[in-house]
Amino acid sequence: AQSVTQLGSHVSVSEGALVLLRCNYSSSVPPYLFWYVQYPNQGLQLLLKYTTGATLVKGINGFEAEFKKSETSFHLTKPSAHMSDAAEYFCAVRYNNNDMRFGAGTRLTVKP
Amino acid sequence: NAGVTQTPKFQVLKTGQSMTLQCAQDMNHNSMYWYRQDPGMGLRLIYYSASEGTTDKGEVPNGYNVSRLNKREFSLRLESAAPSQTSVYFCASSVGDWGIAEQFFGPGTRLTVL
């Protein structure tokens with residue numbers, strides 16, 4: 001079965017530090033790739049998505065992600081963390097119509 | 001423009017009771033979805049409706065039924081609730097069910113089954 005792996009269920013960074021959240025997927029066929037963010041007691045919001053074309057994708061709130069086919073990865077980064085970035089982040093992969101798989105999530109904590 | 005709305009926000013049931021979770025979207029989307037979210041497991045698809053009049057099983061459909069009442073509304077029914085169904089339930093919608101279509105999520109329903 002297709003799977004999505006997010007390395008690290010919890011990531012803690014200091015305010016102003018680099019944020020790196022890792023996502024790997026299992027497929028030889030490039031899928032459609034998404035990153036969602038979930039703030040406490042809310043639904044998921046789309047941060048960014050990769051479809052085709054440029055492998056570096058820019059999203060909202062200064063986040064970006066790079067699709068690396070050879071590594072089957074789609075890691076999320078932000079150069080400088082802000083306190084408001086504290087949330088849970090989900091990587092999602094769509095292989096076929098409606099076969100959308102989510103990773104288990106990474107909770108980001110930002111320390112002052 | 002409310003987006004995706006869900007009712008109720010919270011619910012406590014006893015084992016064996018039934019209930020229906022309601023979902024509505026005002027974005028004229030064709031496709032709608034029901035997910036459950038459990039700690040450490042991300043979101044898992046229960047059922048989806050690619051378009052009005054169609055429904056299909058997702059990854060974890062057992063113990064649930066759905067109804068696509070019209071283009072706007074997609075309900076999820078638990079006929080006989082079990083403690084294993086304690087979870088947070090999210091409804092989502094998208095323009096279509098094809099690859100790049102972004103899913104928009106409701107705020108969730110937190111369900112506890114005692």
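The coordinates are above.
Since we're looking at a predicted model, the values are computed, not measured. (Residues numbered from 1 in each chain as written. Chains lettered and ligands numbered in written order. Predicted model: local features only at pLDDT ≥ 70, side-chain atom pairs only at ≥ 80, totals over all residues. Heavy atoms only, no water.)

Engineer: Could you give an account of the sheet that holds strand β7 (residues 64-68) of chain B, with specific residues and numbers?
Structural biologist: Residues and elements named next belong to chain B. If you trace the four strands from one edge of the open sheet to the other, you get β1-β3-β8-β7, paired in antiparallel fashion. Whereas interior strands pair on both sides, the edge strands pair on one side only; in this sheet they are β1 (4-7) and β7. The sheet shows a mean angle of 20 degrees between the axes of neighbouring strands, direction not considered. Pairing of β7 with strand β8 (residues 74-78), which is carried by five bridges, proceeds in the antiparallel orientation. Residue pairing in the sheet places S67 in a bridge with S75 of β8. (Pairing = 2+ DSSP bridges. Helix = DSSP H or I, 4+ residues; strand = E, 2+ residues; numbered from the N terminus. Axes fitted to C-alpha atoms, helices over the stretch in contact; angles between N-to-C directions.)

Engineer: I'd like a description of the packing of aromatic side chains, backed by residues and values.
Structural biologist: Residue and element names in this part refer to chain A. Evaluated as defined, the whole model comprises 12 aromatic pairs over all chains. Centroid distance Y25 to F67: 6.4 Å. Interplanar angle 25 degrees. Geometry classified as stacked. Here F67 lies in strand β7 (residues 64-68) and Y25 lies in strand β3 (residues 19-25), a separation of 42 residues in the sequence. Consider the rings of Y50 and F74, whose centres lie 6.4 Å apart with planes at 55 degrees: the pair is tilted. On the criterion of sequence distance, the pair formed by Y50 in strand β5 (residues 44-50) and F74 in strand β8 (residues 73-78) is long-range, its members being 24 residues apart. For F74, a relative accessible area of 0% translates into the label buried. (Phe/Tyr/Trp six-rings, centres within 6.5 Å; stacked < 30°, edge-to-face > 60°. Buried < 20%, exposed > 50% of the residue type's maximum accessible area, 1.4 Å probe, protein only.)

Engineer: Outline the pairing of strand β2 (residues 10-14) of chain A, supporting the account with residue identities and numerical values.
Structural biologist: Residue and element names in this part refer to chain A. What you see with β2 is a clean split: V11 and V13 sit on the buried side and H10, S12 and S14 on the side with no burial. Sheet topology note: the β2/strand β11 (residues 106-111) ladder contains five bridges and is parallel. If you follow V13 over to β11, its bridge partner there is V110.

Engineer: Can you explain the sheet that holds strand β1 (residues 4-7) of chain A? Please cite residues and give values.
Structural biologist: All names here are of chain A. Ordered in space as β1-β3-β8-β7-β6, the five strands form an open sheet in which the pairing is antiparallel. Here the strands that pair on one side only, and so sit at the sheet edges, are β1 and β6 (56-58). Looking at each pair of strands side by side, their axes are set apart by 20 degrees on average, direction ignored. Inspection of the sheet shows β6 paired to β7 by three bridges, in the antiparallel sense. The partner of V57 across the bridge, within β7, is A65.

Engineer: Explain the pattern of salt bridges to me, using residue names and the numbers behind them.
Structural biologist: Throughout the structure, instances matching the rule amount to seven salt bridges over all chains. A salt bridge links D85 of chain A to K78 of chain A; the shortest N-O distance between them is 2.9 Å. R101 of chain A is the partner of E59 of chain B in a salt bridge, and the nearest nitrogen-oxygen pair spans 3.8 Å. In this pair, E59 of chain B sits in the loop between β6 (56-57) and β7 while R101 of chain A sits in strand β10 (residues 100-102), so the two residues belong to two different chains. (Salt bridge = Lys/Arg side-chain N within 4 Å of Asp/Glu carboxyl O.)

Engineer: Before we move on, can you summarise the environment of M100 of chain A with the specific residues and values?
Structural biologist: Mapped onto the elements, M100 of chain A comes out in strand β10. Classification of M100 of chain A by relative accessible area gives buried; the value is 3%. Residues M100 of chain A and R22 of chain A, spaced 78 residues apart in sequence, show a C-alpha to C-alpha distance of 18 Å. Every residue in contact with M100 of chain A, bar those within four places of it in the chain, is listed here: F34, Y36, A92, V93 and R94 of chain A together with Y35 and Q103 of chain B. (Contact = heavy atoms within 4.5 Å.)

Engineer: Now, about the nonpolar core: what can you tell me, with residues and values included?
Structural biologist: By size, the foremost hydrophobic cluster in this structure holds 28 residues, and its most contacted members are W35, L47, L48, F74, L76 and Y89 of chain A. Among the secondary structure elements, those contributing two or more residues to this core are β2, β3, β4 (32-38), β5, β7, β8, β9 (87-94) and β11 of chain A. Apart from residues lying up to four places away in sequence, F74 of chain A is in contact with C23, L33, F34, W35, L48, Y50, A65, E66 and F67 of chain A. Of all hydrophobic cores here, the second largest spans 20 residues; its members include C23, I46, A81 and V113 of chain B. (Core = buried A, V, L, I, M, F, W, Y, C linked by side-chain atoms within 4.5 Å.)

Everything listed here is a matter of geometry and, on its own, says nothing about what the molecule does.
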